[in-house]
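Structural characterization, general
Residue strings, one per chain:
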Amino acid sequence: MEAIKLAKAQGLSTLALCNVDNSSIVREAERTLLLRAGIEKGVASTKAFSAQVLTLWLLALYWGQTRTVLSGERHARELTSRYVR
């Protein structure tokens, strides 16, 4: 929460990746991506963490392609060759 408040105070945009749609981080952030990974039954939720990592990876691929930093060939290779066999 403090990081979001500090970022907003500096005029930066904020994005929350969260599994729960009514959390205080969702209410405070400018934009939100809801993970929908399912109910968390413990403090350390592996599925929510995994969903966050995957979402950040997909965002990096999207931003890399839209800003022409990542070639179409590299984008396709990232999505297929390493993880689909």
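Above this text you will find the structure in question.
Residues numbered from 1 in each chain as written. Predicted model: local features only at pLDDT ≥ 70, side-chain atom pairs only at ≥ 80, totals over all residues. Heavy atoms only, no water.

1. With respect to the overall build of the protein
Each helix and strand counted, the protein has four helices and two strands in total. Along the protein, from the amino end to the carboxyl end, the secondary structure elements read α-β-α-β-α-α. In terms of C-alpha radius of gyration, the protein reaches 16 Å, well past the compact-globule figure of 12 Å for 85 residues. Across the 85 residues that make up the protein, the buried fraction comes to 25%. Counting contacts in the protein only where the partners sit at least 6 residues apart, residues at least 24 apart contribute 17% of the total. When the accessible area of the protein is evaluated, it comes to approximately 6,500 Å², of which 57% is carbon and sulfur surface. Seen as two clouds, the 12 positive and the 7 negative side-chain charges of the protein have centres 5 Å apart. (Helix = DSSP H or I, 4+ residues; strand = E, 2+ residues; numbered from the N terminus. Rg over C-alpha atoms; globule rule 2.2 N^0.38 Å. Buried < 20%, exposed > 50% of the residue type's maximum accessible area, 1.4 Å probe, protein only. Contact = heavy atoms within 4.5 Å. Areas by Shrake-Rupley, 256 points an atom, 1.4 Å probe, with all protein chains shown as cover. Lys, Arg positive; Asp, Glu negative; His and termini not counted. Charge placed at Lys NZ, Arg CZ, Asp CG, Glu CD.)

2. Quick notes on helix H3 (residues 46–66)
Across its 21 residues, H3 extends 30 Å between first and last C-alpha, which sits within 8% of the 30 Å expected from 1.5 Å per residue. Along H3, the positions that sit buried rather than exposed are Ala48, Ala51, Thr55, Leu59, Leu61 and Gly64. Backbone geometry just downstream of H3 places Thr68 in the positive-phi region, at approximately 55°. (Expected span 1.5 Å × (residues − 1).)

Keep in mind that these numbers describe shape and distance, not what the molecule does.
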